[in-house]
Amino acid sequence: MQIAIVGLGRMGGNIARNMQIAIVGLGRMGGNIARRLMANGHELIVYDRNLDAAARLKGARAAASLDDVVRQLNKPRAIWLMLPAGRVTEDAVKSLEASLDPGDVVIDGGNTFYKDDIRRAGALGKRGIHYVDVGTSGGVWGFERGYCMMIGGEDSIVTRLDPVFAALAPGRGTIASTPARGGRDPRVENGYMHAGPAGAGHFVKMIHNGIEYGLMQAYAEGFDVLRQKSSQHLQEGERYDLDVADIAEVWRRGSVISSWLLDLTSMALAESPALNEFEGAVEDSGEGRWTINAAIEEAVAAPVLSAALYARFRSRVAHTFGERLLSAMRNKFGGHVETISRD
């Protein structure tokens, strides 16, 4: 089987067999997905509207267009889209629908709204084309660390693509096994899971990103309080000379609130304790809003996640140290670059 990937990266893990896959979209994550796959022996066909991005990917075969991607792949084809959610991905899926054959697979690894996945899977299914949605977490670090993946689609097709997912996943690493997990899906302990039918993967990833908003906001507010306690306007005896970079570092080591986000926070504060290169106008990429909408649909109280989303809205009007820290975290894990607009 051949698989084409639009958007490239690097993979790890033990691969049962090599595959051909096409990747469309070679941005921050797509390129690294392709590199990780090639490092594990898979054959890559790659395409990006910026043809130079594909040409620079050593070891892959560059395609000149989506039609060229289809022509270069063996049947049954597999094409991984790593494109921005919305119109760009929608147009790519429609183009592929017209040119693929029954048995081929379209994989969407971006941050698509799960209801769009359900609709697309239904439309493609009428032509015998399979659709798999992959919620992909790992950001710009995925080439080295691997990607945590939440997958939606038909069981037989997800199984067919397992060598690709196994290569991209982080693997067990040094994380200890969780007690009482005997008999459960072993893929989960390697960092990827088949969550359910079409849309399930992106739904789980959507909630993941909503939780991410809440965790980041908690860290940002806590460090803002710590920094304010060092402010000059406080009376003597009330003011402490707190080193927030050292606090982040000590919390990384054995505390109950340690996490990869805290690791990145410590890194950002060590590099720039005042974070003056960040303005603190924090964007939201859609998944936080979708999470709150889902909570409303299911009548689930989600006050922390809602407040975290609203805090991002407010950050675009007035900025605090905590919001500069949010910007720094987003830059560290996802390579998001804030637009500075100071007078």
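Residues numbered from 1 in each chain as written. Predicted model: local features only at pLDDT ≥ 70, side-chain atom pairs only at ≥ 80, totals over all residues. Heavy atoms only, no water.

1. As for the packing of helix 9 (residues 200–228) against helix 11 (residues 260–271)
Contact pair helix 9 / helix 11: the axes reach a minimum separation of 11 Å and the direction vectors enclose 40°. One element, helix 9, and the other, helix 11, form an angle in the oblique class. Handedness of the crossing formed by helix 9 with helix 11: right-handed. In this structure, helix 9 contributes Leu-215, Met-216, Tyr-219 and Phe-223 to the contact, and helix 11 contributes Leu-261, Leu-262, Thr-265 and Leu-269. Grouping the amino acids of the contact of helix 9 with helix 11 by side-chain chemistry returns seven nonpolar, one polar and no charged. (Axes fitted to C-alpha atoms, helices over the stretch in contact; angles between N-to-C directions. Helix = DSSP H or I, 4+ residues; strand = E, 2+ residues; numbered from the N terminus. Parallel < 35°, antiparallel > 145°, perpendicular 65-115°, else oblique. Left-handed = near helix turned anticlockwise from the far one by under 90°. Contact = heavy atoms within 4.5 Å. Nonpolar A, V, L, I, M, F, W, Y, C, P; charged D, E, K, R; others polar.)

2. A word on the packing of aromatic side chains
This structure, assessed with the given rule, holds eight aromatic pairs. The interplanar angle of 70° and the centroid separation of 5.2 Å between the aromatic rings of Phe-113 and Tyr-114 together place this pair among those described as edge-to-face. You can call Phe-113 partly exposed: its relative accessible area is 22%. Residue classification places Tyr-114 among the buried residues on the basis of a relative accessible area of 14%. Ring centres of Tyr-114 and Phe-203 lie 4.8 Å apart, and the angle between their planes is 80°; on these two criteria the pair is classed as edge-to-face. Of this pair, Tyr-114 sits in helix 5 (residues 114–125) while Phe-203 is found in helix 9, placing the two residues 89 residues apart along the sequence. By relative accessible area, Phe-203 is classed as partly exposed at 30%. In this structure an aromatic cluster arises from ring pairing among Phe-113, Tyr-114, Phe-203 and Trp-290. One residue, Arg-145, lies across the ring of Trp-260, its end atom 4.0 Å from the ring centre. Arg-312 extends its terminal NZ or CZ atom over the ring of Tyr-213, reaching a point 3.7 Å from the ring centre. (Phe/Tyr/Trp six-rings, centres within 6.5 Å; stacked < 30°, edge-to-face > 60°. Buried < 20%, exposed > 50% of the residue type's maximum accessible area, 1.4 Å probe, protein only. Lys NZ or Arg CZ within 6 Å of the ring centre and 35° of its normal.)

3. As for the nonpolar core
Counting 35 residues, the largest nonpolar core has Trp-80, Met-149 and Phe-165 as its most contacted members. At five residues, the largest contribution of residues to this core is made by helix 8 (residues 162–168). Contact partners of Phe-165, with chain neighbours within four places excluded, come to Trp-80, Val-132, Val-134, Met-149, Ile-151, Val-158 and Tyr-192. Ranked by size, the runner-up nonpolar core spans 23 residues in total, among them Leu-262, Leu-264, Leu-325 and Met-329. (Core = buried A, V, L, I, M, F, W, Y, C linked by side-chain atoms within 4.5 Å.)

4. What to know about the confidence of the model for the protein
A residue-level look at the protein finds 94% of positions with pLDDT of 70 or above and a mean pLDDT of 91. Note on residues 8–16: pLDDT is under 50 here. Beyond four places in sequence and across chains, it has 61 contacts. (pLDDT = per-residue confidence, 0-100.)

5. With respect to the pairing of strand 6 (residues 105–108)
Side chains Val-105 and Ile-107 project from strand 6 onto one buried face, and the interleaved Val-106 and Asp-108 project onto a second face that is buried too. Looking at chain direction, strand 5 (residues 77–81) and strand 6 are connected through four bridges and run parallel. Bridging across to strand 6, Ala-78 finds its partner in Val-105. Following the backbone out of strand 5, through helix 4 (residues 87–99) and into the adjacent parallel strand 6, one traces a crossover that is right-handed. For the segment spanning strand 6, helix 5 and strand 7 (residues 130–137), crossover handedness is right-handed. (Pairing = 2+ DSSP bridges. Right-handed = clockwise from strand over helix to strand, strands pointing away.)

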